[in-house]
Every structure is written in C-alpha cells, then in structure tokens.
Amino acid sequence: MTVTDIAIPEELKPVDGRFGSGPSKVRPEGVEALSAVSRTYLGTSHRQKTVKGQVARLRRGLAEFFALPDGYEVILANGGTSAFWEVATFGLIRDKAQFAEFGEFGAKFVKAAADAPFLADPTVHRAPGGQASFLTAEAGVDVYASVHNETSTGVAVPVRRVEGADEGALLLTDATSGGGSLDVDLRETDVYYLAPQKALGSDGGIWLALMSPAAIERAFQIKATGRYIPQFLDLVTAIEQSRLEQTYNTPALATVFLAAEQLDWMNAQGGLPWAVKRSAESAAAIYGWADRSPYATPFVTDPALRSAAVATIDFAEGIDAAAIAKVLRANDVVDTEPYRKLGRNQLRIALYPTVEPSDVAALTACIDYVVERLS
Ligand SMILES: Cc1ncc(COP(=O)(O)O)c(C=O)c1O
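In this report, the structure presented in the accompanying data block is examined. (Residues numbered from 1 in each chain as written. Predicted model: local features only at pLDDT ≥ 70, side-chain atom pairs only at ≥ 80, totals over all residues. Heavy atoms only, no water.)

### Brief notes about the packing of aromatic side chains
Then, number 1: Under the definition given, this model contains twelve aromatic pairs.
Then, number 2: The interplanar angle of 70° and the centroid separation of 5.5 Å between the aromatic rings of Phe66 and Tyr192 together place this pair among those described as edge-to-face. Taken as a pair, Phe66 in the loop between helix H2 (49-65) and strand E1 (73-78) and Tyr192 in strand E8 (residues 191-194) lie far apart in primary sequence, 126 residues in all. Tyr192 carries the same exposure label as Phe66, and that label is buried.
Then, number 3: The ring of Tyr339 has Arg340 sitting right over it, with the charged end atom 5.2 Å from the ring centre.
Then, number 4: Sitting over the ring of Tyr369, Arg373 keeps its end group 3.8 Å from the ring centre. (Phe/Tyr/Trp six-rings, centres within 6.5 Å; stacked < 30°, edge-to-face > 60°. Helix = DSSP H or I, 4+ residues; strand = E, 2+ residues; numbered from the N terminus. Buried < 20%, exposed > 50% of the residue type's maximum accessible area, 1.4 Å probe, protein only. Lys NZ or Arg CZ within 6 Å of the ring centre and 35° of its normal.)

### With respect to the site of the ligand
Then, number 1: Every one of the 13 residues lining the ligand counts as a neighbour, but Ser82, Thr151, Asp174, Gln197 and Lys198 are closest to it.
Then, number 2: A distance of 2.6 Å separates an oxygen atom of the ligand from a polar atom in the side chain of Ser82.
Then, number 3: For the ligand, an oxygen atom lies 2.6 Å from a polar atom in the side chain of Lys198.
Then, number 4: When the ligand is considered free in solution it has 390 Å² of accessible area, and contact with the protein chains removes 85% of it.
Then, number 5: No other element matches helix H3 (residues 80-91), which puts four residues into the shell around the ligand.
Then, number 6: Its residues placed into classes, the shell around the ligand shows three nonpolar, eight polar and two charged. (Near = heavy atom within 4 Å. Polar contact = N/O pair within 3.5 Å; in protein donor to acceptor, adjacent residues only side chain to side chain. Areas by Shrake-Rupley, 256 points an atom, 1.4 Å probe, with all protein chains shown as cover. Nonpolar A, V, L, I, M, F, W, Y, C, P; charged D, E, K, R; others polar.)

This is the structure:
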C-alpha cells in the first residue's frame, strides 16, 4: 500500500476540490455560460461588436466591483501580470522607484526595474518570508510599489498611500491575488493591477489595471519624452485600445468572457463587500482549524498579516505536508502544495470568493483524516 491508496470518504470531501492559488477554481456556471455562446462568440473577430461587448462588460464589471473612483480607468492588455511589470517599468517609472518586497512575486517587479538601464537603482525594503515590509517616504522616488497579497507566502498588507511622498509620486499595488478577496479603497493607490486567473475565476494571460488620472497622465508624459518603449509593452497604446474596448493584439476570448461572467456574478452577490466577507469566512475556517490543531500552525505568525486570499499552513515535524498534498491530489483535492521556492513543510490554500467556505471547512476535515492515516 502506498500513501496514495488512502481513500478519503466521499462525505468528507469538498464539493469542489480546487484550492490552487492560480490558476484557481473556475465556476462551472461560468463555463456553461461560455459554452452557451460558443458558436456566436468564440472564434469571432476581436475587432467586432460581439467581442468588444464582452471587453466592455469586463471593464464595466471591474469598475462596479471595485467602486472605481471618478477619473480612474480600467486598462487591459495581453501578457498577465508579469507583462505588466515590464509595462510599468517602461511606462510608469520616471526615474526611481521604491519597493516593499516580501516574497517571490514582489521580487520579480523589483528585478524588472533594477535591470532597466534607463532607471536609477531602486530602493528596496525587504522582509523575510512570512513577514511584511513597508514603504517609507523618500525624496526623489516617483513610483512606490507594493503587493496587496504576496501569493508565495500568504502575507497581506493594507493598501495605503505613503505619507510624505513627493508631490505627484505614484503608488502601484500588485493585486494579482489580493484583488477581489481583500478590501481596498482605490483612492489609496494609483494603479491596482491584477490578472483574471484568481479571484476573477477565469484563465490567465491578460493584465488588468485600475489606473488613476495621475497614473494615466504619467504614462503619456513618459511616452512624450521619446524613451524607447517596445510596442507590445506600450502603456499608452494599452490605454488607447482599452478605451475602444479592445486590446492591441488578439486576446484569449474565453478568458475575457469568463472574467466578465464572474464579475457579473460577484456584483449580483453584493460586490466587493460580499467577496471580502466570503474570503474572510474561509480564512476563519482554515486559520481557526490550524490554531486548534496539535500539528498545524499558520505560517504567518502576525495575525494582522495573515491573508484572507491565500492561507499558508505549516506542519509539525514528523507530519509530512508533501505526503498530505499527494494523498489529497489522489483524491481529487488539488493544488494544496506550497510555493515551491519557499521550501517549507507547508500547505497553501486559496480562499478566493469562488471557493465555498464550506469546502474550505471540508478540506480541513480531509487533512485531519489523512494525517491520522499517515501516522
Ligand atoms: C502576487 C502575484 N503577482 C504576480 C503574479 C504573476 O501573474 P501572471 O502569472 O499573470 O504573470 C502572480 C501569479 O501568481 C501573483 O500571485
């Protein structure tokens, strides 16, 4: 008998066993809605009304969901968040950026800016995995950048402007995994950027940025300086195309549709306040269980930093988290493995609003069942 022969009783299992932090659970209802338009929408031109109508629905849905402040705009283009880091490096940082880096994803944006030969060396405030670092006012910094939820560690921080920052300095917030699960007031940031494969219950491949008037103005100013900007990464092009309800190059139509569908669903449930509450319920289920468990502990020791978007749970010595994940996977409960480079004896569980809080509770019962059988 191998560990993967352990069969979890059906009555303990979650209804939906997808707990990945991205790509994440896509609602079957979304896929059914997509299927219903398969002959009229999929495989049709992205320059025509049918597709532009879905891009418009997605932009409207985001505006409603995030209570878009006056003058802010929803901008999108291809390439996912990783592309947006390059877009921002070319098109938003004038000279010097400051970063709060507390995980692998934050570090990737830092690298993009640090590698750019036309920018000054950035200032970086770093914190070890499981902790957070914060931005501080610094003369000469024209872009501040932080992460709403660091997916690699399960640390979440509030979105707040930097007090004492130079006049006109922008704040950029990576909301790839925090957006849609964590509360935010967009007036506190200039660019709140995310991707559709997490709380938006869709597939990957596009980036979405909710941009303030100041951020939009900055993009046009930098472009006017004549700086070399690769065409594909040109933020001004993305702004102009988004205003026309289209993208510079061909987008994944299914991704656009599923995200629009999910936003309509979430808005009908009560929008961001509803989503935040639902993720918080899931968070209470998983962290509450870990606090009670003799062998599980939240990795993030400061409860104020514990994410309600992605939970990271450490296991005691002698309990093999990798084996638990393996058994869960063999039982169709998938993607509970930790972020690979963190290298901990850990499980990581997405708490996005797409996930049922009752399924998170069921997952904890499954883990207990597996641990009992493994030991
Ligand atoms: C916080 C955060 N930023 C950026 C990314 C990268 O997003 P993408 O895969 O769309 O490039 C991820 C992906 O997991 C993420 O979690």
